[in-house]
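Here's the letter readout for the chains.
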Amino acid sequence: MKLQTLEYFMEVAREGSLSAAAKYLRLSQPALSRQLRELEEELGKPLLIRGSRGVALTAEGFLLQERGQDILEMVKKTKDAVSASQETVGTVGVGAGETGGLRFIFRVFRALRVCYPNISCHVFSGGSGEIREKLDRGLLDFGILFDPADLSDFHSIRLPWKDAGGVLMRNDCPLAEKESLAPEDLWDKPLIISNQHHSGGMLATWLGRDFSQLDIAGTYNMLYSCAQMVEAGLGYAVCRAGVQEMTAGGVLCFRPLAPKQEVGLNLVWKRYAALTRPSEKFLEYLKRELEREKSGRTES
């Protein structure tokens, strides 16, 4: 498979139209169609459903679109690493769930770019499974994993912060009058929970109930979507502190769990993988910032 042909396919998938993609790529539509048919013949599967109003992806087309994005990202990272050689130029990719710990990561990048303005950061938001997969495939340089986590495949640095668990709700809900929430407060309430918690784990243990005994009104994988679900009145969201900052107008409030539920954060990177110079510099500055944080806490 030629990378150029893959790029052509990705553009058609994005546009949903051969004519629009051909215009963007500055190709004739017949030439683009020929390239795509050759790709389908090579793979032995139809990738597009062609219609009078555009094109749609087949199941195989959706699979190629998903894998194709990873392939092109890997090619770009490889080109950057090779062309940069010993220069401190390139992108550092960090994957994390939505956590307040990212503020520290961004502070590190800000300090890093003062001396190395040709380093940029890329942040991927996702669950721990997605982050592990992208680290394994070399699509991310670093990840932030929450406790409890199996760190045996990674080098790791413990970050000195914890995310506190709680419940996000509308200000006009009866539970908003409480300073903190106990498990029994939520047993009869419609709950919105993270996809990562849907199989049970720490949240089910804290609640003291199997999820089949509870009213699960919805699930989320992005905290912004979670906040919108709560604002719409769908239910009470069990999440981490900080999400209320994403909403305007003071419609929502956050109440901590009691007993307190906190999770630690770990910055990880793959064992036996060679770090790029930008990644090495990122680690250097991260350790420096951690020392400053530590000395600041000691002085206080």
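If you're wondering where the values come from, they're calculated on a predicted model, not measured in any experiment. For every chain, the first residue of the written sequence is number 1, and numbering continues from 1 onward in sequence order. Local features are withheld for residues below a pLDDT of 70 in this predicted model, meaning they are given only at 70 or higher, and side-chain atom pairs are given and counted only at 80 or more; totals for whole chains, interfaces and linings count all residues. As a rule here, side-chain values come from all non-hydrogen atoms in the structure, and water together with hydrogens is ignored.

**Focus: the overall build of the protein chain**
Applied cut-off: Here a helix means four or more residues in a row that DSSP labels H or I, a strand means two or more in a row labelled E, and each is numbered from the N terminus. Three labels apply to residues, based on accessible area from a 1.4 Å probe with only protein chains included: buried if under 20% of the type maximum, exposed if over 50%, partly exposed otherwise in between. Note on definitions: a residue-residue contact is assigned when non-hydrogen atoms from the two residues lie within 4.5 Å. For the accessible areas, the method is Shrake-Rupley and the probe is 1.4 Å, while residue cover comes only from the protein chains on display. Counted charges follow a simple rule, with Lys and Arg positive, Asp and Glu negative, and His plus the chain ends left uncounted. Note on charges: their place is set at NZ of Lys, CZ of Arg, CG of Asp or CD of Glu.
Helix and strand counts for the protein chain stand at 9 helices and 11 strands. Each principal axis of the C-alpha atoms in the protein chain carries an extent, and together these give about 65 × 50 × 40 Å. Classification of the 300 residues of the protein chain by burial places 42% in the buried group. By sequence separation, contacts in the protein chain at least 24 residues apart represent 71% of the contacts at least 6 residues apart. Working note: accessible area of the protein chain is about 16400 Å², and carbon and sulfur atoms make up 50% of it. Distance between charge centroids for the protein chain: 5 Å, based on 38 positive and 39 negative side chains.

**Focus on the packing of helix 1 (residues 3-15) against helix 3 (residues 29-43)**
Heads up, the rule is: Simply put, an axis is a line fit to the C-alpha atoms, just over the touching stretch for a helix, and the angle between two N-to-C directions goes from 0 to 180 degrees. For classification purposes, angles smaller than 35 degrees are called roughly parallel, those larger than 145 roughly antiparallel, those between 65 and 115 roughly perpendicular, and all remaining angles oblique.
The interhelical angle for the contact between helix 1 and helix 3, taken along N-to-C directions, is 110 degrees, at an axis separation of 10 Å. Of the possible angle classes, the one that applies to helix 1 and helix 3 is roughly perpendicular. Along its contact with helix 1, which presents Thr5, Tyr8, Phe9 and Val12, the element helix 3 presents Leu32, Gln35, Leu36 and Leu39.

**A word on the packing of helix 1 against helix 2 (residues 18-25)**
Note the cut-off: For any helix crossing, the convention is left-handed if the near helix is rotated counterclockwise from the far helix by under a right angle, and right-handed if that rotation is clockwise.
At their nearest, the axes of helix 1 and helix 2 sit 8 Å apart, and the two run at 130 degrees to each other. As summarised for this structure, helix 1 and helix 2 are arranged oblique, according to the angle between their axes. When you trace helix 1 past helix 2, the crossing you get is right-handed. Side by side, helix 1 and helix 2 meet where Tyr8, Glu11, Val12 and Glu15 of the first sit next to Leu18, Ala20, Ala21, Tyr24 and Leu25 of the second.

**Structural notes on the packing of aromatic side chains**
Within a pair of aromatic rings, the relevant descriptors are the distance that separates the centres and the angle that separates the planes. Short version of the rule: Side-chain rings of Phe, Tyr and Trp, where Trp is taken by its six-membered ring, are said to pair if the distance between their centres is within 6.5 Å; with planes under 30 degrees apart they count as stacked, over 60 as edge-to-face, and otherwise as tilted. A ring has a charge above it when a Lys NZ or an Arg CZ is no more than 6 Å from the ring centre and no more than 35 degrees off the ring normal.
Tallying each qualifying case throughout the model produces 5 aromatic pairs. Geometrically, the ring pair formed by tyrosine 116 and tyrosine 285 is edge-to-face, given 6.3 Å between the ring centres and 85 degrees between the ring planes. Of this pair, tyrosine 116 sits in the loop between helix 5 (101-115) and strand 4 (119-125) while tyrosine 285 sits in helix 9 (residues 277-299), and the two are 169 residues apart along the sequence. For tyrosine 116, a relative accessible area of 22% corresponds to the partly exposed category. Counting every residue linked through ring pairs, the aromatic cluster contains Phe109, Phe142, Trp269 and Phe282. Directly above the ring of tryptophan 187 sits arginine 209, whose terminal nitrogen or CZ lies 3.6 Å from the centroid. A cation over a ring is seen here: arginine 288 above tyrosine 285, with NZ or CZ 4.4 Å from the ring centre.

**A closer look at the environment of proline 190**
Within the secondary structure layout, proline 190 lies in strand 7 (residues 190-194). Using a relative accessible area of 25% as the deciding quantity, one classes proline 190 as partly exposed. Remark: the alpha-carbon pair of proline 190 and alanine 237, spanning 47 residues in sequence, is separated by 8.7 Å. Discounting chain neighbours no more than four positions away, the residues touching proline 190 are Asp215, Ala217, Leu234, Gly235 and Tyr236.

**A few points about the pairing of strand 9 (residues 236-240)**
For a regular strand, side chains alternate in direction, first toward one face of the sheet and then toward the other. The test is simple: Two strands are said to pair when DSSP picks up at least two bridges between them.
The buried count for strand 9 comes to 5 of 5 residues, which makes it a mostly enclosed element. What you see with strand 9 is no split at all: Tyr236, Val238 and Arg240 on one side and Ala237 and Cys239 on the other are buried throughout. Here 4 bridges tie strand 6 (residues 154-170) to strand 9, and the two strands are oriented antiparallel to one another. Bridge assignment links glycine 165 to a residue of strand 9, and that residue is arginine 240. As paired elements, strand 7 and strand 9 share 2 bridges and run parallel to each other. Considered in strand 9, the bridge of leucine 191 is made with tyrosine 236.

**Some details on the pattern of salt bridges**
A side chain with one charge can pair with a side chain of the opposite charge if their charged atoms come near. The line we're drawing: Think of a salt bridge as a Lys or Arg side-chain nitrogen and an Asp or Glu carboxyl oxygen that are within 4 Å of each other.
Overall, the coordinates contain 13 salt bridges when judged by the stated rule. Linking glutamate 293 and arginine 107 is a salt bridge whose minimum nitrogen-to-oxygen distance equals 2.2 Å. Placement of glutamate 293 in helix 9 and of arginine 107 in helix 5 is noted, with a sequence separation of 186 residues between them. Of the charged contacts in the structure, one is a salt bridge between arginine 292 and glutamate 289, with a shortest N-O distance of 2.9 Å. A residue pair is termed a helical-turn pair when its members lie 3 or 4 positions apart in one helix, as arginine 292 and glutamate 289 do in helix 9 at 3 residues. For glutamate 289, a relative accessible area of 9% gives the class buried. Counted as one network, the salt bridges with shared partners bring together Asp70, Glu133, Lys134 and Arg137.

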